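Each chain, letter by letter, is given below.
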Amino acid sequence: MLSGVNNNEDASVYKLNEDLALVQTLDFITPVVDSAYHFGTIAAANALSDVFAMGAEVINALNIVGFDTCHFNNEILLEVLEGARAKVEEAGAVLVGGHTIENDEFIFGLSVTGVVHPKKFIANNSAKDGDVILLTKPIGSGIISTAIKASLLEKEKILKVVEQMSFLNLYASRILRGFKSLSALSDVTGFGLLGHLKEMLNKEIMIEVYKNEIPLIDDVLSMANMGIIPAGAYKNKDSLKTWVENLSEKDADIVFYDPQTSGGLLAALNEKEADEALKILKEHNIEAKIIAQCVKNTHNYLLLH
């Protein structure tokens, strides 16, 4: 076992031989949008992302379904499965079956297998002093999903968020892997931005976070100011209270703890290559931003500016 839960990693990495390691993960979510097909695409993108966050490629996936037969019919399930199949195939992988049970709450996700060279997977906690950290998607999907459930967003804005959450991190992962200084890689999901940055800490560094540089999904702050905030954001904030310095108590800052669904990648690399990576990512319609810097450890925490 090269990496797993003891490292707070996004997926496990198991060495088969000198040239091949298996990357394995699973994830499932409850519906975040009304469209069954797009629920499938988002749930699949969310699960596949854990493999991309290890610097690996996906080879196959299995469906995980807890189906609420009291409130949904089989046509809904078929649409969800079709959305997931489309994303698995977009990633160059094969959907090979799965397992379905009846459940009081509708859940859907994937068990995913990927491959990587044993010496080329990217850990999430191996950033170096002087590295900068870039983020490949804006944050706020938890708040926005809550707003969608409350019917507070217009259709055009919902479609934009759906497109973002359905967008595979595969493309950013492949671009970032082309840079020699790439030292750490993770994705932003349920622990929120600060939670996943915390997991990137190691004994050598602390992380200075430039909160004014963090990209936000449209309308996130207005929704947060209205109190449209998922309970998970407050749980994340409570769990990180000893790890974060200089965060204000303003309600708007809760967005940094917002649990994400299919969020972007966090990548640590030197500043020169980060600037080049931003240009290439933009050419592929990925609007990434530098949001933090790793500095010599004086106290193992996240410092917000």
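Okay, so let's go over this structure. None of the values given here were measured: they were computed from a predicted structure.

The rules behind these values
Residues numbered from 1 in each chain as written. Predicted model: local features only at pLDDT ≥ 70, side-chain atom pairs only at ≥ 80, totals over all residues. Heavy atoms only, no water. Helix = DSSP H or I, 4+ residues; strand = E, 2+ residues; numbered from the N terminus. Rg over C-alpha atoms; globule rule 2.2 N^0.38 Å. Buried < 20%, exposed > 50% of the residue type's maximum accessible area, 1.4 Å probe, protein only. Salt bridge = Lys/Arg side-chain N within 4 Å of Asp/Glu carboxyl O. Phe/Tyr/Trp six-rings, centres within 6.5 Å; stacked < 30°, edge-to-face > 60°. Lys NZ or Arg CZ within 6 Å of the ring centre and 35° of its normal. Patch = residues over 30% accessible without salt bridge, like charges linked within 9 Å, V, L, I, M, F, W, Y side chains within 5 Å. Areas by Shrake-Rupley, 256 points an atom, 1.4 Å probe, with all protein chains shown as cover. Pairing = 2+ DSSP bridges. Axes fitted to C-alpha atoms, helices over the stretch in contact; angles between N-to-C directions. Contact = heavy atoms within 4.5 Å.

1. Remarks on the overall build of the protein
Moving on, step 1. Scanning the protein from terminus to terminus reveals 9 helices and 12 strands.
Moving on, step 2. Here the C-alpha radius of gyration of the protein, 19 Å, is about what a compact globule of 305 residues would show, namely 19 Å.
Moving on, step 3. For the C-alpha atoms alone, the extent of the protein along its principal axes is close to 55 × 55 × 35 Å.
Moving on, step 4. The buried share among the 305 residues of the protein stands at 53%.

2. Focus: the pattern of salt bridges
Moving on, step 1. Under the criterion given, the structure shown has 11 salt bridges.
Moving on, step 2. Among the ionic pairs, E90 bridges to K87, the shortest N-O distance being 2.9 Å. Of this pair, E90 and K87 both sit in helix α2 (residues 74–90), 3 residues apart, which is roughly one turn of that helix.
Moving on, step 3. Owing to a relative accessible area of 34%, E90 belongs among the partly exposed residues under this scheme.
Moving on, step 4. Residue class for K87 comes out buried when judged on its relative accessible area of 12%.
Moving on, step 5. Between D253 and K211 there is a salt bridge whose closest N-O contact spans 3.2 Å. Of this pair, D253 sits in the loop between β9 (244–245) and β10 (265–269) while K211 is found in the loop between β8 (205–209) and α7 (220–225), placing the two residues 42 residues apart along the sequence. Each of the two residues, D253 as well as K211, counts as buried.

3. Looking at the packing of aromatic side chains
Moving on, step 1. Tallying each qualifying case throughout the model produces 6 aromatic pairs.
Moving on, step 2. Ring geometry for F39 and F106: centres 5.5 Å apart, planes at 80°, overall edge-to-face. Taken together, the residues F39 in helix α1 (residues 36–52) and F106 in the loop between β4 (94–102) and β5 (107–116) connect sequence positions 67 residues apart.
Moving on, step 3. Of the residues examined, F39 reaches a relative accessible area of 2% and is grouped as buried.
Moving on, step 4. Where F167 meets Y171, the ring centres are 5.5 Å apart and the plane angle is 40°; that geometry is what we call tilted.
Moving on, step 5. Through a chain of ring-to-ring contacts, the aromatic side chains of F39, F67, F72, F106 and F108 assemble into a single cluster.
Moving on, step 6. The ring of W243 carries K198 above its face, with NZ or CZ at 4.5 Å from the centroid.

4. With respect to a nonpolar patch on the surface
Moving on, step 1. Residues M1, Y14, L16 and L20 make up a contiguous nonpolar surface patch of about 410 Å² in total accessible area.
Moving on, step 2. When you line up the elements, L20 lands in strand β2 (residues 20–29).

5. Overview of the sheet that holds β2
Moving on, step 1. What the 5 strands build is an open sheet, ordered β1-β2-β5-β3-β4; its pairing is mixed. Of all the strands in the sheet, the pair left with one neighbour each is β1 (12–17) and β4. On average, adjacent strands in this sheet sit at an angle of 20° to one another, irrespective of strand direction.
Moving on, step 2. As defined by bridge partners, β1 adjoins β2 across 5 bridges and the pair is classed as antiparallel. Counterpart to K15 in the pairing with β2 is A21.
Moving on, step 3. Contacts from α1 reach β2, β3 (57–67) and β5 within the one sheet, and its direction differs from that of β2 by about 145°.
Moving on, step 4. Helix-sheet contacts for α2 involve β3, β4 and β5, and the interaxial angle to β3 is about 165°.

6. Observations concerning unusual backbone geometry
Moving on, step 1. Backbone geometry at S151 places phi at a positive 60°, although glycine is not the residue there.
Moving on, step 2. With respect to the helices, strands and loops of the structure, S151 is situated in the loop between α3 (141–149) and α4 (155–166).
Moving on, step 3. Positive phi, close to 75°, is recorded for D219, a residue that is not glycine.
Moving on, step 4. With respect to the helices and strands, D219 occurs in the loop between β8 and α7.
Moving on, step 5. Residue classification places D219 among the partly exposed residues on the basis of a relative accessible area of 25%.

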